[in-house]
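Geometric and topological summary
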Amino acid sequence: MHILPFFKRLLKELGSLRLSVFLLGFSVLLVFFGTLDQVRIGIRQAQDIYFESFIAIWRYPEFWPGGNFLRFIPVVLPGGYLIGPLLALNLVLAHARYWRPRWSIMGISFIHVGILMLLVGQLVTNIFQEEDYMWLDEGGKANFIRSFHEDEFYLTKQKEDGRLGVFSYDFKDLAKGAVLEPEIPGQPGLFPLQVRVREVFNNAEINQGGAVMGRETYGITRGIGAQFNLGVKAIGSFNSDERRDIRTAVVDVLSEGEVVGTWLVSNVFEERFPEQEFMIDGQTYQIGLRFKKTYLPYTITLLEFNHDRYPGTNIPSNFSSRVRVEHAVNGDEKEVMIFMNNPLRYEGRTYYQASFAKQDTASMFQVVKNPGWLVPYIACILVSIGLCWQFTVAGYRMTRRMK
Amino acid sequence: MKWAGISIIWLLALYCIWPVVQPLVKPDTSAEAVLGQMPVLEGGRVKPLDAVARHTLLLIRGKQSIKYKAELEDGTTERRKVEAITWLTEVLFNRQEADKIPVFRIDHPDILGMFGLEAGTKKYFSYADLEPYLMKVQEQARQINPDSKQRNSYETAINQLYGNLALYQMVAQTVYPLRLRQSVPSFYNGVVNSVMEAANQFAASGQSTPQNLDSPMLRMHMQQLSEMSRTTIFLLNYNGEWKKPGDVMVEGIPMSGGLPEQMVTLGKLAQARQGGDTEAFAEAAAELAAFAPAVAKTGEHPVMEFYFNQSQPFIVALALYVLVTVLVFLGWLFTPTVFLANAYRILWIGFIIHTVGLVLRVIITGYAPVTNLYSSAVFVGWVAVLLSLIFEHFQRKGVGSLAAATVGFLTLLVAHHLSDTGDTMEKMRAVLNSNFWLSTHVITITMGYGATFLAGFLGIIYTLNGWFRGRNGMPKEMQQSFHRMIYGAICFSLLFSFVGTVLGGIWADQSWGRFWGWDPKENGALMIVLWTAMILHALRGGLIKTRGLVNLSIVGNVITAWSWFGTNMLGVGLHSYGFMDSAFFWLLVFWFSQFAMIFLEWLFPVRLRKEIAG
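Every chain is numbered on its own, with residues counted from 1 as its sequence reads. Here the convention is simple: chains get letters from A, ligands get numbers from 1, in the order in which they are written. At least 70 in pLDDT is required for a residue's local features to be given in this predicted model, at least 80 for side-chain atom pairs to be given and counted, and no such filter applies to totals for whole chains, interfaces and linings, which use all residues.

On to the overall build of chain B, then. Strands are runs of DSSP state E lasting at least two residues, helices are runs of H or I lasting at least four, and both sets are numbered from the N terminus onward. Looking only at helices and strands, one finds 25 helices and eight strands in chain B. Projected onto its principal axes, the C-alpha coordinates of chain B cover approximately 105 × 65 × 55 Å. Put plainly, a residue is buried at 20 or more neighbouring C-beta atoms within 10 Å of its own, exposed at 12 or fewer, and partly exposed in between, counting only other residues' C-beta atoms, which are placed from the backbone. For chain B, with 614 residues in total, the buried portion stands at 48%. We call two residues in contact when their backbone-placed C-beta atoms lie within 7 Å. Put simply, 71% of the contacts in chain B that link residues at least 6 apart link residues at least 24 apart.

Shown next, in the form of structure tokens:
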């Protein structure tokens, strides 16, 4: 019975300027303490704790002056996931409440539509953005990219037509006890076997010497794990931008219900060991876990990498890669320069000059797929127009009053 | 009386301005000035030798000139002032004299103890003073912690001293090697003989490697030439390319069969300098300068940079801003008509010199005005002064002038201290090497800083002015004009901070593939945007009035200082290009002063006069 007045009141509060002020004030505090904590826990983890959470707690560092007792007083702050949506809601409701069709406040609508676009655009980016990389030697070519964060379990087999048959399964979907039926659409029976997942480790410590110091061997019978008597222990995430978690799994390969063997697969093997192989019925298969590989319908060849320096110094003035893009399907072919601040945008992916190695003969591109990349550009223009509009109006009034 | 006052004010102003005018009306024609204007390549860019001298001296001594007591041969002492280029000339051509000039600053008591000195007795040491301890310093420097963040004050100090000594040695060997026991020309001729002899032997034996060259003379000369090539200064332009003197000999002698002309001139310079023959030195200096490539062709501006460094326009502007501050206070105390009007005029002159300095920097570097922390400080001040001049133009009450002068003075002071690290016109690293983004993102964000500071300082002036009026209270009209000015500055700040932040995101998207990465510097910029937005919403919603506006703007100072400097001190992320320890102390001092201001205003609120005066 009192629901309606309460609801009205709530709506009014949610759309009030008072709430905007509080939310903005709290976000300043949140950003400040989040930045401060980056020194302790790094950018990535601070992002999780402060900007991508509902409640964040900051504690006074122990090694600061007076830290011995000040560290017991927690600073509780609303997290980014609480402030962000509330601000968006506040913005929409306030507009519904205060909006009038008048020229003098037109800019305000522009500003807020732009802000809303920025918030939503960032959400879209968070959900849909894919970040991969591509390493190329001068003269080398590739038709695939590797993921920075994702891993996949895979089986491969040389087909009769000379091409490679690939079955891949995202690591994040691997579940303990699951049985995978490797089927590739359009090519039934390429992999006449099943894979049973025995163990999954989001991050692991792998060492020689078998089951010692808390490590287990998990009954591995074949491949690298058996050969080197490797022991595995589950550990927590590194939470680091520099170091990838060591994703690992133990799998059984089954053929017609019979266990062929048990393998240890891990994303750190690829760099160190040859591929693990096995044979069933005279056919050779490869098995493993790797940084997720995405195949592209086009090939990129690195023609030349340049590392320019200022004369007489080692200060880099530019990094640039001359590449050729060849599209197998539509026959498109072109040569492009990729250099700092000038990426290549091609088929929804953007290639950035990111790194180099091997005495300036190898080049790395960061490859980003972000369907929302244009949103900030539009939002920026909208907000700028709005702000200029509003301040011109205010400035005009002010100078008239001053005179 | 009135005219006497005005005359004194303008005499003072002219005295401040003189350094900018002097090089134009009374150019320095000494041999050192000729060398000083000569272009050389150093640190990846062509600059006048004078600039190299200043930056090297700044690194070693922390100042651009040297004042010291020279001990004469008869036992008496004499006060001397040595300009940077004179010092470098001695280092290059007359090292025996240069080694006696005290340029190495040592403060750390443990290092002084190593030399058997007590702290406080002596601060500056000459190379000759330190030479006996070179091995010791090197030994100590080898033992320090390789991680620069974990070094203690002694380790930092010894590392710095070691670096300075190494730098001095490198620069000192540009023209001739250390421990040379013969005259420079005869050394050069000896090298010619050795190199030609070696070339003949090659030709005779038909071998391409010098393995059977056992002449000890040649080996020594080769060793000395390689030491000379360690210098950072590409002093000569040889066949259209910038070369170090050592390399000119290695490449030039076999080609021409004799000593290259440039080296002959260098020999003459050294001989004349060491023999005290001023005339011959001036002649040789002119000869050497004539080898430099025509300035118009290269697109570099060594002569302009020489003028810029000589005239120090930002220091001149700083002095004028101090004068304006004093004049405004005098105006408020005594006769506004005399002081305020002239303060406004002098402020304009300061602003013009400030602007000229910025323009010269842009022309010399070929980059947008803000390229590093130093130039951002100069630009922040410039923006604040520009905005305040607009305010003052509408209301000649001295408020705008005072705000302009204080922010201008403080930022230029900060800039002056930031320039200790050497060349402030350095070339930009690859990612930053983009004039488009430097002139959009960096400029807008810096304008945002300037405007936020202006708002904060207007707030402080409001409070001070209010207290100054005491029980009488501030007139309503005055309060309103403060309100409007702060509001205007905040609006300006929001506009530029927001646009700058988003442009930064777009730049990051262009070069790294991410729009927003929670990098400390990005967060700092975001805090300014959020804070100014909060102030505007609070005003609009009627949650605050003038008093709230004033105090929140002062907090804006705290946030801007954090965003500008604090985030760089964290040592996290992509923008940590200028880590500074001592600056952290000053940041804390600044923060404390701002909060103290707000606290005091809360204890002793500014009174307002109820009825409008008149």
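So, on to the interface of chain B and chain A. Between chain B and chain A, the residue contacts involve 51 residues of the former and 50 residues of the latter. Going through the elements one at a time, helix H22 (476-511) and helix H23 (520-540) of chain B are the ones with two or more residues in the side of chain B that touches chain A. If one sorts the elements of the side of chain B that touches chain A by residue count, H22 of chain B sits on top with 13 residues. Amino acid classes used here: Ala, Val, Leu, Ile, Met, Phe, Trp, Tyr, Cys and Pro are nonpolar; Asp, Glu, Lys and Arg are charged; the rest, including Gly, are polar. Tallied by class, the residues present in the side of chain B that touches chain A amount to 29 nonpolar, 15 polar and seven charged.

Residues and elements named next belong to chain A. The phi dihedral of Asn341 is positive, around 65°, even though this residue is not glycine. Relative to the helices and strands, Asn341 resides in the loop between strand E15 (333-339) and strand E16 (344-346). Even without being glycine, Lys358 reaches a positive phi, approximately 50°. Turning to its location among the elements, Lys358 is positioned in the loop between strand E17 (349-357) and strand E18 (362-369).

Before going further, it helps to examine the environment of Ile315 of chain A. Along the polypeptide, Ile315 of chain A turns up in the loop between strand E13 (283-309) and strand E14 (316-327). Discounting residues that sit within four places of it in the chain, Ile315 of chain A has contacts with Arg309 and Tyr310 of chain A together with Gly44, Lys427 and Arg429 of chain B.

What follows concerns the sheet that holds strand E7 (residues 194-201) of chain A. Residue and element names in this part refer to chain A. Strand order in this open sheet of four strands is E6-E7-E10-E11, and the pairing throughout is antiparallel. The sheet is open, and its two edges are formed by strand E6 (179-180) and strand E11 (258-266), each paired on a single side. Two strands form a pair only when DSSP identifies at least two bridges running between them. Alignment of E6 against E7, held across two bridges, turns out to be antiparallel. The residue of E7 that forms the bridge with Val179 is Arg196.

Next up on the list: the nonpolar core. Residues and elements named next belong to chain B. Counting 138 residues, the largest nonpolar core has Leu320, Val324, Leu454, Leu458, Ile486 and Ala489 as the members making the most contacts within it. Residue contributions to this core peak at 18 residues, all from H22. In this structure, Leu57, Val195, Leu259 and Ala284 belong to the second largest nonpolar core, which totals 59 residues. To count as a nonpolar core, a set of buried Ala, Val, Leu, Ile, Met, Phe, Trp, Tyr and Cys residues must be joined through C-beta atoms within 7 Å.

That is the geometry; function is a separate question.
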